[in-house]
Amino acid sequence: MQENNSNETSNGTLSRGSSSYALLAPPLFTAIIIVGSVGNVLLIHTVLRWREMRTPCNYLIVNNAVADLCVVLIAAPLRIVEVYHGWPLGEFLASFLHQPRMCLWWCRF
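These numbers were taken from a predicted model, which means no experiment stands behind them.

Engineer: Mind showing me how you'd approach the overall build of the protein here?
Structural biologist: Scanning the protein from N- to C-terminus turns up three helices and zero strands. Reading the protein from its N terminus to its C terminus gives the helix and strand order α-α-α. Looking at the protein alone, contacts between residues at least 24 apart form 55% of all its contacts between residues at least 6 apart. Carbon together with sulfur atoms contributes 66% to the accessible area of the protein, which is approximately 7,900 Å² in total.

Engineer: Quick question: what am I supposed to make of the nonpolar core here?
Structural biologist: In a soluble, globular protein the nonpolar side chains are often hidden away together inside. Residues A25, F29, I33, V72, A76 and I80 constitute the largest nonpolar core, which totals six residues. Put simply, the parts of the chain that give this core at least two residues each are α1 (20-49) and α2 (56-85). What A76 contacts, discounting residues up to four positions off in sequence, is F29, I33 and V71. Of all hydrophobic cores here, the second largest spans five residues; its members include I44, V47, V62 and L69.

Engineer: Help me understand helix α3 (residues 90-107), please; the structure alone is not making it clear to me.
Structural biologist: Residue pairs three or four apart in sequence face the same way in an α-helix, which turns once every 3.6 residues. Between its first and last C-alpha, α3 extends 25 Å over 18 residues, near the 26 Å set by a 1.5 Å rise per residue. The principal kink in α3, of about 35°, is found at L97, preceding the proline P100 by one to four residues.

Engineer: Help me understand a nonpolar patch on the surface, please; the structure alone is not making it clear to me.
Structural biologist: Judged by side-chain polarity, I34, V35, V38 and L42 come together as a nonpolar surface patch covering roughly 390 Å² of accessible area. Relative to the helices and strands, I34 is located in helix α1.

Engineer: In this structure, what is going on with the packing of α2 against α3? I would like to understand it.
Structural biologist: Working note: a packed helix pair is described by the angle between its axes plus the distance between those axes. It is at 8 Å that the axes of α2 and α3 come closest, and there the two elements cross at 130°. Relative to α3, the element α2 lies oblique. In terms of crossing hand, the pair formed by α2 and α3 is left-handed. Facing N64, A67, C70, V71 and E82 of α2, the residues of α3 in contact are R101, L104, W105 and C107.

Engineer: What exactly am I supposed to notice about α2 here?
Structural biologist: Its 30 residues place the ends of α2 43 Å apart at the C-alpha level, agreeing with the 44 Å of an ideal helix rising 1.5 Å per residue. The sharpest bend along α2 comes to roughly 30°, located at V72. Of the residues trailing α2, G86 is marked for its positive phi of about 80°.

Conventions and cut-offs
Residues numbered from 1 in each chain as written. Predicted model: local features only at pLDDT ≥ 70, side-chain atom pairs only at ≥ 80, totals over all residues. Heavy atoms only, no water. Helix = DSSP H or I, 4+ residues; strand = E, 2+ residues; numbered from the N terminus. Contact = heavy atoms within 4.5 Å. Areas by Shrake-Rupley, 256 points an atom, 1.4 Å probe, with all protein chains shown as cover. Core = buried A, V, L, I, M, F, W, Y, C linked by side-chain atoms within 4.5 Å. Buried < 20%, exposed > 50% of the residue type's maximum accessible area, 1.4 Å probe, protein only. Expected span 1.5 Å × (residues − 1). Bend = angle between axes of the 7 residues up to and from the residue. Patch = residues over 30% accessible without salt bridge, like charges linked within 9 Å, V, L, I, M, F, W, Y side chains within 5 Å. Salt bridge = Lys/Arg side-chain N within 4 Å of Asp/Glu carboxyl O. Axes fitted to C-alpha atoms, helices over the stretch in contact; angles between N-to-C directions. Parallel < 35°, antiparallel > 145°, perpendicular 65-115°, else oblique. Left-handed = near helix turned anticlockwise from the far one by under 90°.

Next comes the structure, spelled out in structure tokens:
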């Protein structure tokens, strides 16, 4: 019989303090959220502020920055909560929000 060394509980969440991921995830996600938010807001502001920056190529970059901002402000915090407490919004919203989350994730690239 194999022993289960996993740190996950039966609902897919991590037991508190049980792994290095559980210890490192919040500070790293927080840094990503802060840097991503500030950087994307500055980029959007720069392109929209100066008229000479309003080119089709820069609009594409702004579009990617908006998608990245949505991921940083919506998907990343939900992932932190999901790691510790499971999905907080119920089964319906889990299935309903899966496709928009994946779309936002892939629009970043």
